[in-house]
Amino acid sequence: MKRLAHLFIIATAALLGGPAPGAQAASPNIILILADDLGYGDVGAYGAALVQTPSIDRMAAEGMRLTDFHASGNVCTPSRAGLLTGRYAVRSGLAEGTITVNDERGLPAGTVTIAALLRAHGYRTGLIGKWHLGHHSEAQQPNAQGFDEFFGLLHPNDVEQPLYRNGSAAAEPMLQAALTRRFTEEAVRFIRQSAGQSFFLWLSHTAPHIPLAASPAFAGSSRAGTYGDVVEELDWSVGQVLGAVEREGLADNTFIVFTSDNGPFPEGSPGGLRGGKGTSWEGGYRVPFIARWPGRIEPGKAAGALAMNIDLFPTIAAIASLSMPEGLVLDGRNILPVLIGETAATPHEALYFFNHDRIAAVRTQDWRIVARANYRNIERLLPEHGIRLLFDMRKDPAERYSVAARRPDQWNAMQALLQRAQRELEPAAQEPPPDSARRMPPKPLPCSLR
């Protein structure tokens, strides 16, 4: 009787055009390419005039470009923590600025990163490039946080340090002008060696973080100085990754994202937005975001839905058909429906932007308030100083003129969002991650996209 029932299930699956049980297609590959301090306006598809980015622009022509996408931090460490965990960095204890060489902070042991989740479900996982999420103990380093392979730097490239391969210093020295090329070579190797199984590659560039240094092939090549040279070499790297995916016949089953970890500093363009890296203004957080997945993401589209890099965790989990660990609190939302054209609406009521472990600004789709900013290196709590900054982001994305006096209703609504988030998120900076956020799920959910 059981055998007849099993045969009936197989026959029904065949009639419906779906796979028989146990005959699932390979899970999609995931490639995340992250620039370091690249401005919103430094990509051709986002209006760059002096910097040429044909490979990134090709991604935009073959995929979707988000025009209101943000990093979750205005400096490296909290932004990267948000990206890997799907949670604001206060929940991981990493909101208080960047990790320094003598810092003992890092991702807590057992943190559920997207790499750890994917590896637990059979993905081969690799990090090539910059880590900057803890180095004091082995438990903080990439191989303990979900990555099968690591080649790159534990610190930013403005720190003298060796290159690492997994847990040991590599024999080769760190040469600034060679970093983009070396990271690209290692990424191409990882793609080639992983072609027989599903893989997750995080290509975490140091470019265009200072000190700026392009290889001889790109030095002096752009109209935007050394910064432009470095960005154009970064673009070359994107082209090499796309080429490797295509040579291995993986393009149709590979989801590729290009984005940046925060706004530009000290050079670069925020694309007409106010501010840059380290500030409370939109230019410190809004970054390019391009996603390419042939056959799933319609080419040449742009979407204005409000989103953030914390959304990559649940989005990648949805693409790979993974269930969430029991009790895991995520701040990110699945934006796959936006990327594949099922909806144009943001999944967020609001997004929150931090200066260290305090909320500095709040965004909804149409509005932004700024509550904290620095003046002469002194942090100012703006409403307490009689300054109320409410910006209509549809009419004034450069945040030039506050309309708080004219829109008290909207000011009060945004203040309510801020106060609610302050009660929930700011105390989290003092609390360790709960044990319930560290358990892996038992098995993946069925894939609704195959």
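Residues numbered from 1 in each chain as written. Predicted model: local features only at pLDDT ≥ 70, side-chain atom pairs only at ≥ 80, totals over all residues. Heavy atoms only, no water.

Description of the side chain of Asp 42
Moving on, step 1. With respect to the element layout, Asp 42 can be found in the loop between β1 (29–35) and α2 (54–62).
Moving on, step 2. Reaching out from Asp 42, the side chain makes a polar contact with the side chain of Tyr 227 at a distance of 2.5 Å.
Moving on, step 3. Within the structure, the side chain of Asp 42 is placed 3.1 Å from the backbone nitrogen of Ser 269, a separation counted as a polar contact.
Moving on, step 4. Apart from the residues within four sequence positions on either side, Asp 42 is in contact with Ala 48, Val 51, Thr 53, Tyr 227, Val 231, Gly 268 and Ser 269. (Helix = DSSP H or I, 4+ residues; strand = E, 2+ residues; numbered from the N terminus. Polar contact = N/O pair within 3.5 Å; in protein donor to acceptor, adjacent residues only side chain to side chain. Contact = heavy atoms within 4.5 Å.)

Quick look at unusual backbone geometry
Moving on, step 1. Put simply, Ala 207 and Pro 208 share a cis peptide bond, and its omega is 0°.
Moving on, step 2. Mapped onto the elements, Pro 208 comes out in the loop between β8 (199–204) and α6 (225–247).
Moving on, step 3. In this chain, Ile 210 is followed by Pro 211 through a cis amide linkage whose omega measures 0°.
Moving on, step 4. By the element assignment, Pro 211 lies in the loop between β8 and α6.
Moving on, step 5. One non-glycine residue, Asp 37, lies in the positive phi region at around 70°.
Moving on, step 6. Mapped onto the elements, Asp 37 comes out in the loop between β1 and α2.
Moving on, step 7. Not every positive phi belongs to a glycine, and His 356 is a case in point at roughly 55°.
Moving on, step 8. Among the secondary structure elements, His 356 is positioned in the loop between β13 (351–355) and β14 (358–363).
Moving on, step 9. Of the residues examined, His 356 reaches a relative accessible area of 43% and is grouped as partly exposed. (Buried < 20%, exposed > 50% of the residue type's maximum accessible area, 1.4 Å probe, protein only.)

Re the nonpolar core
Moving on, step 1. With 84 residues, the main nonpolar core has Leu 66, Trp 131, Phe 200 and Tyr 352 as its most contacted residues.
Moving on, step 2. Ranked by residues supplied to this core, first place goes to helix α9 (residues 408–425) with six residues.
Moving on, step 3. In this structure, Leu 66 is in contact with Tyr 46, Phe 289, Ala 303, Ala 307, Ile 335, Val 338 and Leu 339, ignoring residues within four places of it in sequence.
Moving on, step 4. Grouped together as the second largest cluster of nonpolar side chains are 41 residues, Tyr 46, Met 174, Phe 190 and Val 238 included. (Core = buried A, V, L, I, M, F, W, Y, C linked by side-chain atoms within 4.5 Å.)

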